[in-house]
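Summary of the model geometry
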Amino acid sequence: MAEPIRVVVTGAAGQIAYSLLYMIARGEVFGKDQPLVLHLLDIPPMMGVLEGVVMELADCALPLLRQVIPTADPAVAFKDVAAAFLVGAMPRKEGMERKDLLSANVKIFKAQGQAIDQHARKDIKVLVVGNPANTNALVCSHYAPSIPRENFTAMTRLDQNRATAQIAAKLGVPISAVKNVVIWGNHSSTQFPDPSNGVAEVNGTSKRVWDAVNDAAFLQGNFVETVQKRGAAVIAARKMSSAMSAAKAACDHMHDWWHGTAPGQFVSMGVISDGSYGAPKDVVFSFPVETSNGKWKIVQGLQLDDFAKSKLAITGKELEEEKGEAMAVCSAD
Ligand SMILES: NC(=O)c1ccc[n+]([C@@H]2O[C@H](COP(=O)([O-])OP(=O)(O)OC[C@H]3O[C@@H](n4cnc5c(N)ncnc54)[C@H](O)[C@@H]3O)[C@@H](O)[C@H]2O)c1
Ligand SMILES: O=C(O)C[C@H](O)C(=O)O
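Because the structure is a prediction, the values reported are computed rather than measured. Every residue gets a number counted from 1 within its own chain, in the order that chain's sequence is written. Each chain gets a letter, beginning with A, and each ligand a number, beginning with 1, in the order they are written. With the structure being a predicted model, the display of local features is reserved for residues of pLDDT at least 70 and the display and counting of side-chain atom pairs for 80 or more, all residues being used for whole-chain, interface and lining totals.

1. A closer look at the domain arrangement of the chain
- For every domain, the bounds stem from an assignment made automatically or drawn from a database. Its domain assignment divides the chain into domain 1 (5–154) and domain 2 (157–320).
- On a C-alpha basis, the centres of domain 1 and domain 2 stand 23 Å from each other.
- A residue pair is marked as a contact if its C-beta atoms, positioned from the backbone, fall within 7 Å. In this assembly, 31 residues from domain 1 lie in contact with 27 residues from domain 2.
- Listed by contribution, the elements that provide at least two residues to the side of domain 1 that touches domain 2 are α1 (15–25), β4 (83–86), β5 (125–128), α5 (133–142) and β6 (152–154).
- Amino acid classes used here: Ala, Val, Leu, Ile, Met, Phe, Trp, Tyr, Cys and Pro are nonpolar; Asp, Glu, Lys and Arg are charged; the rest, including Gly, are polar. The class makeup of the residues in the side of domain 1 that touches domain 2 is 16 nonpolar, six polar and nine charged. Helix and strand assignments follow DSSP, with helices taken as H or I runs no shorter than four residues and strands as E runs no shorter than two, numbered in order from the N terminus.

And the structure:
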């Protein structure tokens, strides 16, 4: 069996981590033959709760889990880690936008960027889940200059999973029958869920999602709004933000980055923008990507119509505004 790898989860006493830790420790992300040392970071007042999580992980009797290290010290949490799930941050409440969390949360990602820079492996893969996820990932990378910028990503896979589920339900097909419905831009209500390159297997035939659904008003209207506002709908119903589905999406994101995507399959990841498709450069923007050998590559050559271009412009502008605000907060610190 392989040597254990070190994986950190921040916000480890919180609600997303409660689902996420079990999935990671079962081998659903790094593989069923990859032993793990789990580093669990939370803040000092949560150490008692975290102790309970540690007890439960032990009681799960999971063969791949070699050691669990609970801590409130970022230097311990990030020491030699190969992969980081940065979940720990304040969640929004009903009526808020995710960017309303910026001033409270962005400093967490500045401090964790600095700790990653000093203590983590230089090939660490970082997934930022805490909101506003794209801008937090940008800040984290900015404060970890010794780590390549492409090693910092933000989670829009939950949005992709939501979009795929909406299309599968509309067509009455299993989720596995729908592929390449993707998310562009920010993990916010300006994101653009795009079905135009999606394909679906319907009655044994592969079709473009656009043709199979055959309802442009739905695909450009209700579908887009439902996905954009799904996080808020979950908060309105649960009085807490999504957790089980967020944990599943975090596993999907890291799994596909680690192991690679199937030929012809696109997944959505917030990655540092090189200006592809007219997106602003140097913000963390969600693109369709393909992954292999632990690296992502933006899928090139997709057609964007005027509707799509207008949506990308709106979400790109929001990311530039968030970047300006975040850097002002960090430099005032
Ligand atoms: N990107 C996405 O798709 C997505 C989906 C769901 C939730 N989220 C976001 O994930 C974040 C966590 O959500 P949750 O429901 O688990 O929240 P939660 O409040 O249940 O847990 C957050 C945990 O983070 C801890 N924490 C706070 N500051 C920390 C720090 N500096 N270092 C380490 N830990 C710290 C808290 O003590 C708490 O235990 C929120 O910002 C939420 O909005 C993002
Ligand atoms: O909506 C939220 O604030 C939580 C999360 O980002 C989500 O999309 O469910």
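2. Brief notes about the packing of α5 against helix α12 (residues 306–332)
- Two elements in contact, α5 and α12, have axes whose closest approach is 10 Å; the angle formed by their N-to-C orientations is 50°. Comparing their axes, α12 and α5 come out oblique. Handedness of the α5/α12 crossing: right-handed. Contacts from N134, T135, L138 and V139 in α5 reach L319, E322, K323, A326 and C330 in α12.
- Of the residues in the contact of α5 with α12, the class split is five nonpolar, two polar and two charged. Each axis is a line fitted through C-alpha atoms, and for a helix only the stretch in contact is used; angles between axes span 0 to 180 degrees, taken between their N-to-C directions. The labels follow the angle: roughly parallel below 35 degrees, roughly antiparallel above 145, roughly perpendicular from 65 to 115, and oblique for the rest. In a left-handed crossing the near helix is turned counterclockwise from the far helix by less than a right angle, and in a right-handed crossing that turn is clockwise.

3. Observations regarding the sheet that holds strand β11 (residues 205–208)
- Being paired, for any two strands, means DSSP has found at least two bridges between them. Spatial ordering of the open sheet is given by β7-β10-β11, a layout of three strands whose pairing is antiparallel. Taken across any chain shown, the strands that pair with only one partner, and hence form the sheet edges, are β7 (178–179) and β11.
- Of the strand pairs in this sheet, β7 and strand β10 (residues 199–202) are connected by two bridges, and their pairing is antiparallel. Note on β10: the bridge partner recorded for V178 is A200.

4. Here we look at the site of ligand 2
- Nearness is defined per residue: the C-beta atom, placed using the backbone, must lie within 6 Å of the molecule or strand. Taken together, the residues surrounding ligand 2 are P91, R92, R98, N131, L158, G231, A232, V234, I235, S241 and S242.
- Of the residues that make up the shell around ligand 2, three or more belong to each of domain 1 (5–154) and domain 2 (157–320).

5. Description of the site of ligand 1
- Close contacts around ligand 1 come from 28 residues, with G11, G14, I16, G88 and A246 the closest.
- For the shell around ligand 1, the class distribution of residues is 16 nonpolar, 10 polar and two charged.
- Both domain 1 (5–154) and domain 2 (157–320) contribute no fewer than three residues apiece to the shell around ligand 1.

6. Remarks on the UniProt feature "domain: Lactate/malate dehydrogenase C-terminal" (unreviewed entry) in the chain
- UniProt positions are given in the numbering used here, feature names are shortened, and annotations may be inferred rather than shown by experiment. Mapped onto this numbering, the UniProt entry gives "domain: Lactate/malate dehydrogenase C-terminal" (unreviewed entry) at residues 156–327.
- Here residues 156–327 is 46% helix and 20% strand, with 22 Å between the C-alpha atoms at its ends.

7. Describing the UniProt feature "binding site: NAD(+)" (unreviewed entry) in the chain
- UniProt's feature table lists "binding site: NAD(+)" (unreviewed entry) at D42, N105, V129, G130 and N131, given in the numbering used throughout.
- Take V129: it is sitting in the loop between β5 and α5.
- A residue is classified by how many C-beta atoms lie within 10 Å of it, and V129, with 28 of them, is buried.
- V129 has contacts with I16, F85, L86, V87, M155, A246 and A250, leaving out every residue within four places of it along the chain.
- Within the fold, G130 resides in the loop between β5 and α5. Any residue surrounded by 20 or more other C-beta atoms within 10 Å of its C-beta is treated as buried, while 12 or fewer makes it exposed and the intermediate range makes it partly exposed; C-beta atoms here are placed from the backbone.

8. Describing the environment of T156
- With respect to the helices, strands and loops of the structure, T156 is situated in the loop between β6 and α6 (157–171).
- On the neighbour-count criterion, T156 (31 C-beta atoms within 10 Å) is buried.
- Each C-alpha atom, one on T156 and one on V129, is 8.7 Å from the other, the two residues being 27 residues apart in sequence.
- If sequence neighbours within four positions are ignored, T156 has contacts with I183, H187, Q191, S268, M269, G270 and S286.

9. Focus: the nonpolar core
- Counting 89 residues, the largest nonpolar core has L20, V128, V129 and A250 as the members making the most contacts within it.
- Residue-level mapping places this core at the junction of two domains, with at least three residues from each of domain 1 (5–154) and domain 2 (157–320).
- Once residues lying within four places of it in the same chain are set aside, the contact partners of V128 are L86, F109, A133, N136, A137, C140, A154 and M155. The term nonpolar core refers to a set of buried Ala, Val, Leu, Ile, Met, Phe, Trp, Tyr and Cys residues connected through C-beta atoms within 7 Å.

10. A closer look at the packing of α1 against helix α11 (residues 244–259)
- Close contact between α1 and α11 brings their axes to 8 Å; oriented N to C, the two are set at 40°. By the criterion of interaxial angle, the relationship of α1 to α11 is oblique. You can see that α1 and α11 cross each other, and the crossing is right-handed. Between α1 and α11, the contacting residues are I16, S19, L20, M23 and I24 on the first element and M244, A246, A247, A250 and C251 on the second.

11. Let's talk about the pairing of β4
- Side-chain alternation along β4 places A83 and F85 on one buried face and A84 and L86 on a second face that is also buried.
- In this sheet, β4 lies alongside strand β1 (residues 5–10) in parallel orientation, the contact comprising four bridges. Along β4, the bridge assignment pairs T10 with L86.
- Taken together, β4, helix α4 (residues 102–119) and β5 form a β-α-β motif whose crossover is right-handed. If the strands point away from the viewer and the path from the first strand over the helix to the second runs clockwise, then the crossover is right-handed.

12. Side note on α1
- For α1, every residue scored as buried is listed here: I16, A17, L20, L21, I24 and A25. Along the long axis of α1, the arc covered by the buried residues comes to 130°, so they all point the same way.
- A positive phi of about 95° marks G27, the residue just after α1. To obtain the arc, one takes the directions from the helix axis to the C-beta atoms.

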